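# Survey of secondary and tertiary structure
Okay, here's what each chain looks like letter by letter:
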Amino acid sequence: MEKEFTPVSIPTSLYKKIEEKIKGTEFSSVSSYVTKVLRESLSKNEENKEVFSAEEEEKIKERLKALGYID
Amino acid sequence: MKKRLLVIGLDCAAPALVFDRVAELPNLKKLMDAGIHGKLRSCDPPITIPAWMVMATGRDPGQLGLYGFRHRRGYEYNKMWIANSTAVKEKTVWDYLGEQGRESVLVSVPPSYPPKPVRGKLISCFITPSSEQAYTYPAELRQEIEERFGPFRFDVTFRTEDRSQVLSEIYQMTENHFEVIGYLLQDKNWSLFWFVEIGVDRVHHAFWKFMDRDHHLYEPGNPYETVIPDYYRFLDEKIGQLLEKVDDRTAVLVVSDHGAKRMKGAFCVNDWLIEQGDLVVTEPPQRGESVDKLKIDWTRTRAWGWGGYYARIFLNVEGREPQGIIRPEDYEAARDELAERLRAIRGPRGEEWKTVVIKPQEHYPELNGEYPDLMVYFDDLYWRSAGTLGYGTMYLEENDTGPDDAVHDYEGIYILYDPKKKGGREQDANILDIAPTILRLLEGPEVPGLRGKVIE
């Protein structure tokens, strides 16, 4: 079975900097922040998933709701 | 000369409506008598997207990273993306055949919008925003089709109480599809011709309660009692006309992506999570409010869910979600404990449910994309999951997003007719078997890593 989480090592000084940075923000932990930043960085290299314009996406969402696939 | 294969995809066609009524379906009966047929176990989840691509690639939803029509965008709370053709990264049978220089014609195999290049021709599927968009490959094919048959009809208007209108639209759409298919079948070169008729799924969802005496909303003597079997007879006639257009070296595969059964109701999973204390809101939900609009206190929320034919449950995990509160080291225990509670949910009259809870990490040998933490089939799929909430009850008689009578079932159908083989056999198969079967039949390459077995 694949594990959902795994640790990564980062320099303690960097860890402390992040801790300072996220004080009072929506991030509850350094891991939350690091995960978000890394995902953003990686997704820039991934193929763009924006196939539909915002208007088209709304229209399709409504249709998929009506069809029962999503709600 | 190499064989050709015509794949007749009937979205949602159910064993009971084909095999048990085959005396009324002479063309399908001929194929059954001369071929192999059986129930086809769909993938998990048994839903149009990903099921057709599981068939076309021989890869399961975990490998494809496709778990339904929408997915979370990363681990954001409210960002999502709609499944489309670009999300399919694995090679399909027509990609492999194309590498051998062999052509395919593909009509409405979901998801096929935006139209991707193929060696051959392609018309996209019902997720196409409208016929105003480019929906063919090559682009010129669109004009060729529209000049002859008018704009391609991708879908019908659904969730209206005017059933006669829906029915008339379903027939018009299916007529339009078969005209286009009949034309392409004769006019184009192909080794593989694969189309999917979505009308079957639509007629089930709109008319199941009128036919099924066990449905809680069935009314004896209603005017739509025979709509579904009538539509199957109509399809059988249309299929007969197509079969007259193909030569005797053409093999035929009639196949569905999943089955259907009566819907018992919709279960409001987020109301349940609120009651259980897993989901904490800052304002009580409005009636019918979507979970996306719900005022959630993420700092106290452990889990939330999405609706559809199955429920997707997400845990709010520290280090993963922006305001996660479940510690990563507690993830497995928290998930197991929630799964246990989900399995114990009972029906509106206290009756036991056969709820299936799937942990993606254990279910799929390989896991890609944006999978949920838990996948839940309430009462063995009889109860759909409502993502909306605030109805004052967790049990809805109808779909939360409008009238619907049917849910999906695990087993679809297949009928495989090979002109070179003796038939008349019944043999159940798995949806993963379709890709290797097609490749063997068409003498395509041996593809390593396909788990399915050749149906023969």
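These figures come from a predicted structure and were not determined experimentally.

All names here are of chain B. Summarising the element assignment, F149 is placed in helix α6 (residues 140-149). Judged by the 16 C-beta atoms lying within 10 Å of it, F149 is partly exposed. Placed 28 residues apart in sequence, F149 and H177 show a C-alpha to C-alpha distance of 9.3 Å. With residues up to four places along the chain from it excluded, the contact list for F149 reads N176, E179 and V180.

Time to look at the sheet that holds strand β13 (residues 311-315) of chain B. Each strand in a sheet pairs with another by means of backbone hydrogen bonds, the pair being arranged parallel or else antiparallel. All names here are of chain B. Here we have 4 strands laid out as an open sheet, ordered β12-β13-β15-β14, and antiparallel in their pairing. Taken across any chain shown, the strands that pair with only one partner, and hence form the sheet edges, are β12 (303-306) and β14 (356-358). Neighbouring strand axes in the sheet, compared pairwise and without regard to direction, differ in orientation by 25° on average. Alignment of β14 against strand β15 (residues 374-377), held across 3 bridges, turns out to be antiparallel. Opposite I358, over in β15, you have M375 as the bridge partner. Sheet strands touched by helix α10 (residues 269-276): β12 and β13. Its angle to β12, the strand with the most contacts, is close to 170°. Packing of helix α11 (residues 331-343) onto the sheet brings it into contact with β12, β13, β14 and β15, and relative to β15 it is tilted by some 5°.

Residue and element names in this part refer to chain B. When its domains are assigned, chain B resolves into domain 1 (4-259 + 409-441) and domain 2 (265-403). Taken over C-alpha atoms, the centre of domain 1 sits 30 Å from the centre of domain 2. Listed as interface residues are 20 residues of domain 1 and, on the opposing side, 26 residues of domain 2. Looking at the side of domain 1 that touches domain 2 residue by residue, the classes come out as 7 nonpolar, 7 polar and 6 charged.

Attention now moves to the packing of helix α7 (residues 163-187) of chain B against helix α9 (residues 227-243) of chain B. Residue and element names in this part refer to chain B. At a minimum axis separation of 10 Å, α7 and α9 run at an interaxial angle of 15°. One way to sum up the angle between α7 and α9 is to call them roughly parallel. For the crossing formed where α7 meets α9, the hand is right-handed. Contacts from L167, F178, I181, G182 and L185 in α7 reach V227, K238, Q241 and L242 in α9. Of the residues contributing to the contact of α7 with α9, the split by class is 6 nonpolar, 2 polar and 1 charged.

Moving on, we get to the interface of chain B and chain A. With 37 residues of chain B at the interface, the matching set in chain A holds 31 residues. In terms of residue class, the side of chain B that touches chain A is built from 15 nonpolar, 15 polar and 7 charged.

So, on to the sheet that holds strand β16 (residues 383-386) of chain B. Residue and element names in this part refer to chain B. Within the open sheet, the 3 strands sit side by side as β16-β11-β17. Their pairing is mixed. Unpaired on one side and paired on the other, β16 and β17 (395-396) mark the two borders of the sheet. When strand β11 (residues 265-268) meets β17, the two strands line up antiparallel, connected through 2 bridges. Each residue of the ladder has a partner; that of F267, found in β17, is Y395. Contacting β11 and β16, α10 runs over the sheet at an angle of about 35° to β11.

Residues and elements named next belong to chain B. It is at 10 Å that the axes of α7 and helix α8 (residues 199-211) come closest, and there the two elements cross at 170°. By the angle between their directions, the pair α7 and α8 is classed as roughly antiparallel. Counting all contacts with α7, which are made through R163, V166, I170, M173 and T174, the residues of α8 involved are G199, R202, V203 and A206. Of the residues belonging to the contact of α7 with α8, the class tally is 5 nonpolar, 2 polar and 2 charged.

Glycine aside, the phi torsion of most residues is negative, and most peptide linkages are trans. Residues and elements named next belong to chain B. Along the chain, I49 connects to P50 via a cis peptide bond; the corresponding omega equals 25°. Relative to the assigned elements, P50 resides in helix α3 (residues 48-57). Although it is not a glycine, D380 sits at a positive phi angle of roughly 60°. Positionally, D380 belongs in the loop between β15 and β16. The class of D380 is partly exposed, set by 15 C-beta atoms lying within 10 Å. Backbone geometry at L381 places phi at a positive 85°, although glycine is not the residue there. Mapped onto the secondary structure, L381 falls in the loop between β15 and β16.

This part takes up the pairing of β13 of chain B. Residues and elements named next belong to chain B. Within β13, 5 of the 5 residues are buried, which leaves it mostly tucked inside the rest of the structure. Burial along β13 is two-sided: the face carrying A311, I313 and L315 and the face carrying R312 and F314 are both buried. In this structure, the hairpin formed by β12 and β13 is closed by a connection of 4 residues, where G308 is found at a positive phi of approximately 140°. Bridge analysis of β13 against β15 gives 3 bridges, and the strand direction is antiparallel. Bridging from a neighbouring strand, A311 pairs with V376 of β15.

Before going further, it helps to examine the environment of K89 of chain B. Residue and element names in this part refer to chain B. Here K89 shows up in the loop between β4 (80-82) and α5 (93-99). According to the C-beta neighbour criterion, K89 is partly exposed, with 14 such atoms within 10 Å. For the pair formed by K89 and I326, sequence separation is 237 residues and the distance between their alpha carbons is 33 Å.

Residues and elements named next belong to chain B. For strand β2 (residues 36-41) and strand β19 (residues 411-417), the ladder comprises 6 bridges, and the chain directions are antiparallel. When the bridges of β19 are listed, H37 appears paired with I415. Relative to strand β21 (residues 429-430), β2 runs parallel, the two being bridged by 2 bridges. Residue pairing across strands places R41 opposite N430, the latter belonging to β21.

Let's shift gears to the confidence of the model for chain A. Confidence in the prediction of chain A, expressed as mean pLDDT, is 85, and 90% of residues score 70 or more. Confidence scores differ between elements of chain A, with helix α2 (residues 30-43) of chain A showing the lowest mean pLDDT of 84 and helix α1 (residues 12-22) of chain A the highest of 93.

Cut-off values and rules
- Residues numbered from 1 in each chain as written.
- Chains lettered and ligands numbered in written order.
- Predicted model: local features only at pLDDT ≥ 70, side-chain atom pairs only at ≥ 80, totals over all residues.
- Helix = DSSP H or I, 4+ residues; strand = E, 2+ residues; numbered from the N terminus.
- Buried ≥ 20, exposed ≤ 12 C-beta atoms within 10 Å, placed from the backbone.
- Contact = placed C-beta atoms within 7 Å.
- Pairing = 2+ DSSP bridges.
- Axes fitted to C-alpha atoms, helices over the stretch in contact; angles between N-to-C directions.
- Domains from an automatic or database assignment.
- Nonpolar A, V, L, I, M, F, W, Y, C, P; charged D, E, K, R; others polar.
- Parallel < 35°, antiparallel > 145°, perpendicular 65-115°, else oblique.
- Left-handed = near helix turned anticlockwise from the far one by under 90°.
- pLDDT = per-residue confidence, 0-100.

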